[in-house]
Amino acid sequence: MTESVDFKKLHKPLYSPPKKPVIVEVPNFNYLKIDGKGDPNVSSFFQEAVGLLYPLSYALRFAIKKQRDLAYTVMPLEGLWWADDMATFIGRNKDQWKWTLMIMQPDFITEQMVVEAKAEVIRKKKLERVCDVRFEPYQAGACVTMMHIGSYDDETENIAWMHRFAQEQDYLLDGLHQEIYLSDFRKTAPEKLKTVLRQPIRKAG
């Protein structure tokens, strides 16, 4: 039986940080990505976007298993979050939020594999909008990160803690707020949700 590789375990500091701010270096990874905007709680496209990324990720996993007899665990959903006016983002005016949902892919996944997997998803699932999904690299670089346990709406205090920690370490915030969703929000009680919070930073001066 082929052993399944879990990249979360291979990159444990990135996907299992402590429940307090720490600094990590995030390397360049390839992702399936799709953009949207608006309140994720009411946006129909938010759910549709999730429903595009996962079938494509599993189609790629199946293709690799068939071609190379190599099994791996599909990575969790991630999100980049921002607003044109960041005050509205920090103030949680969700109607003004913009987001990129994404799922990290192993480095042996190629653009051609993604093209073929999209065709397979369209053929089997009739998900024509899977063509809107991009395959591209993203490197967060130096980041302050921590594990958040609880509701997404209760993240504000921990995000502020991360920002203070970065400033105390002589860093400036530099990039988009990122979240990694380790729990299935459809099946997990809000107070038990596990979310990795991540904020890119750079040295001041």
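Above this text is the structure in question.
In short, a report on the structure. For every chain, the first residue of the written sequence is number 1, and numbering continues from 1 along that sequence. Local features in a predicted model are, by the rule used here, given only for residues with pLDDT of at least 70; side-chain atom pairs are given and counted only at 80 or more, and totals for whole chains, interfaces and linings are based on all residues. The basis for the side-chain values is all heavy atoms of the structure; hydrogens and waters are excluded.

**Some details on the nonpolar core**
And then number 1: Of all hydrophobic cores here, the largest spans 50 residues; its most connected members are Leu101 and Ile109.
And then number 2: Secondary structure follows DSSP: runs of H or I at least 4 residues long count as helices, runs of E at least 2 residues long count as strands, and numbering of each begins at the N terminus. Among the elements that line this core, the one with the most residues is helix H3 (residues 44-68), at 10 residues.
And then number 3: Excluding residues within four positions of it along the chain, leucine 101 makes contact with Leu32, Lys33, Ile34, Phe46, Ala49, Val50, Leu53, Leu77, Glu78 and Gly79.
And then number 4: If you look at the next biggest cluster of nonpolar residues, it comprises 10 residues, including Met146, Met162, Ala166 and Leu197. By convention a nonpolar core is built from buried Ala, Val, Leu, Ile, Met, Phe, Trp, Tyr and Cys residues, the set being connected through side-chain atoms within 4.5 Å. We call a residue buried when its accessible area falls under 20% of the maximum for its residue type, exposed when it is over 50%, and partly exposed in between, using a 1.4 Å probe and counting protein chains only. Note on contacts: a residue pair qualifies if any of its non-hydrogen atoms lie within 4.5 Å across the two residues.

**Some words on the environment of leucine 10**
And then number 1: Summarising the element assignment, leucine 10 is placed in helix H1 (residues 7-10).
And then number 2: For the pair leucine 10 and asparagine 158, spaced 148 residues apart in sequence, the C-alpha separation works out to 26 Å.

**As for the pattern of salt bridges**
And then number 1: A pairing counts as a salt bridge when a side-chain nitrogen of Lys or Arg comes within 4 Å of a carboxyl oxygen of Asp or Glu. Taken as a whole, this structure holds 13 salt bridges when the rule is applied.
And then number 2: Two residues, glutamate 48 and arginine 129, come together in a salt bridge whose shortest N-O distance is 3.8 Å. Here arginine 129 lies in the loop between helix H5 (111-125) and strand S7 (134-138) and glutamate 48 lies in helix H3, a separation of 81 residues in the sequence.
And then number 3: Looking at glutamate 48, the relative accessible area reads 32%, which means it is partly exposed.
And then number 4: One salt bridge in this structure joins lysine 124 and glutamate 120, with 3.2 Å as the shortest N-O distance. Taken together, the residues span about one helical turn, with lysine 124 and glutamate 120 both in helix H5 at a distance of four residues.
And then number 5: Within this structure, Lys33, Asp35, Arg134 and Glu136 form a network of salt bridges that share partners.

**A short note on the packing of aromatic side chains**
For any pair of aromatic rings, the description rests on two quantities: the centre-to-centre distance and the angle between the ring planes.
And then number 1: Pairing of aromatic rings covers Phe, Tyr and the six-membered ring of Trp, with a centre-to-centre limit of 6.5 Å; geometry is then stacked below 30 degrees between planes, edge-to-face above 60, and tilted otherwise. Going through the model one piece at a time under the given rule, you end up with 10 aromatic pairs.
And then number 2: Measuring from ring centre to ring centre gives 6.3 Å for tyrosine 31 and tyrosine 138, while their planes differ by 70 degrees; the resulting arrangement is edge-to-face. A residue pair is termed long-range when its members are at least 10 positions apart, and tyrosine 31 in strand S3 (residues 29-37) and tyrosine 138 in strand S7 qualify at 107 residues. Neither tyrosine 31 nor tyrosine 138 differs from the other in exposure class; each is buried.
And then number 3: Members of the aromatic cluster, connected to one another through ring pairs, are Phe45, Phe46, Trp81, Trp97 and Trp99.
And then number 4: By definition here, charges over rings are those cases where NZ of Lys or CZ of Arg is within 6 Å of the ring centre and within 35 degrees of the ring normal. The ring of phenylalanine 62 has lysine 124 lying over it, and the distance from NZ or CZ to the ring centre is 5.9 Å.
And then number 5: The cationic tip of arginine 198 hangs over the ring face of tyrosine 15; the distance from NZ or CZ to the ring centre is 5.9 Å.

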